[in-house]
Amino acid sequence: MADTRWLSEGELDAWMAYLRATHLLERRIEEQLKADSGLTHPHYEILAKLSIAPQRRLRMSDLARRLVVSKSGLTYQIGQLEKRGLVERMDCPSDERGVLAVLTDEGVRCLEKTAPGHVAVVRAFLIDQLTPEELATMTRIMSKAAAAMSPNGSHGSPPGSWDGSRSESQNGLRSGSQGGSPNGDRPSPSQVDPA
């Protein structure tokens, strides 16, 4: 106990402000998703990740890594989405032990319905509350924290990227036309929509 580095007053204020803001924002997001489509935030993130994947499918192990969740936890969430017809599981043709998670057409429609409300919440309660300079600072801070928690001590991806291969513009929070679109010439739901 003598070696414990207790938080100073300023450090404690920063930590408590972070906790309060993230808890309140998560509550707002969950309320919006439940009202618009009956999804949870983890469900939405799964649909968003699959929507920008090639052929709207990913190996379960890859999806778990990109979402930063356990394989068992992802299996449970995918099972719930399967019951609603939003996702289906398929055997991986290149690996008989592998399983693919595939976004269905119904899943795409659900994401399209939910995305506008989701981005509205994120914008209203976070993005629009900060200046461009504050947003840049937040990106640097969160990227630095993520790097400290990654297995190799480096996040391995640029600011704004979740997994080193997809930017935030492709994760359901920013408009754009990059990446594969399941809607022809229109951006995918994850691009027109966070999370």
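Higher on the page you've got the structure.
Quick summary incoming for the structure in this document.

About the cut-offs
- Residues numbered from 1 in each chain as written.
- Predicted model: local features only at pLDDT ≥ 70, side-chain atom pairs only at ≥ 80, totals over all residues.
- Heavy atoms only, no water.
- Helix = DSSP H or I, 4+ residues; strand = E, 2+ residues; numbered from the N terminus.
- Buried < 20%, exposed > 50% of the residue type's maximum accessible area, 1.4 Å probe, protein only.
- Areas by Shrake-Rupley, 256 points an atom, 1.4 Å probe, with all protein chains shown as cover.
- Core = buried A, V, L, I, M, F, W, Y, C linked by side-chain atoms within 4.5 Å.
- Axes fitted to C-alpha atoms, helices over the stretch in contact; angles between N-to-C directions.
- Parallel < 35°, antiparallel > 145°, perpendicular 65-115°, else oblique.
- Contact = heavy atoms within 4.5 Å.
- Nonpolar A, V, L, I, M, F, W, Y, C, P; charged D, E, K, R; others polar.
- Phe/Tyr/Trp six-rings, centres within 6.5 Å; stacked < 30°, edge-to-face > 60°.
- Pairing = 2+ DSSP bridges.

1. A closer look at the overall build of the protein chain
Moving on, step 1. Across its full length, the protein chain carries 7 helices and 3 strands.
Moving on, step 2. Along the chain direction, N to C, the helices and strands of the protein chain fall in the order α-α-β-α-α-β-β-α-α-α.
Moving on, step 3. For the protein chain, buried positions account for 35% of its 195 residues.
Moving on, step 4. Total accessible area on the protein chain stands at roughly 11900 Å², and carbon and sulfur atoms take up 55% of it.

2. Examining the nonpolar core
Moving on, step 1. Within the largest apolar cluster, 28 residues are counted, with the highest numbers of intra-cluster contacts made by L39, I46, L47, L50, L63, L74 and I78.
Moving on, step 2. Elements represented by at least two residues in this core include exactly α1 (9–37), α2 (41–51), α3 (60–67), α4 (71–83), β3 (95–103) and α5 (105–125).
Moving on, step 3. Ranked by the residues each element gives to this core, the list is headed by α5, at 6 residues.

3. Overview of the packing of α2 against α4
Moving on, step 1. Look at α2 against α4: their axes get within 10 Å of each other, and the N-to-C directions meet at 85 degrees. Judged by the inter-axis angle, α2 sits roughly perpendicular to α4. Of the residues in α4, those touching α2 at P42, H43, I46 and L47 are L74, Q77, I78, Q80 and L81.
Moving on, step 2. Class assignment of the residues belonging to the contact of α2 with α4 gives a composition of 6 nonpolar, 3 polar and no charged.

4. What to know about the packing of aromatic side chains
Moving on, step 1. Summed over all chains, the structure comprises 1 aromatic pair.
Moving on, step 2. Between W15 and Y18 the ring centres are 5.7 Å apart and the planes differ by 20 degrees, which places this aromatic pair in the stacked class. On the criterion of helical spacing, the pair formed by W15 and Y18 is a turn pair, its members being 3 residues apart in helix α1.
Moving on, step 3. Under the relative-accessibility criterion, Y18 is labelled partly exposed at 38%.

5. Quick look at the sheet that holds strand β1 (residues 57–59)
Moving on, step 1. Taken together, the 3 strands give an open sheet; going across it, the order is β1-β3-β2, and neighbouring strands pair in antiparallel fashion. Of all strands in the sheet, those bounded by a partner on one side alone are β1 and β2 (87–92). Taken pair by pair, the neighbouring strands of this sheet meet at an average axis angle of 30 degrees, ignoring direction.
Moving on, step 2. Sheet topology note: the β2/β3 ladder contains 6 bridges and is antiparallel. In the strand pairing of β3, D91 is matched with V99.
Moving on, step 3. Lying over the sheet, α4 contacts β2 and β3, oriented at roughly 120 degrees with respect to β2.

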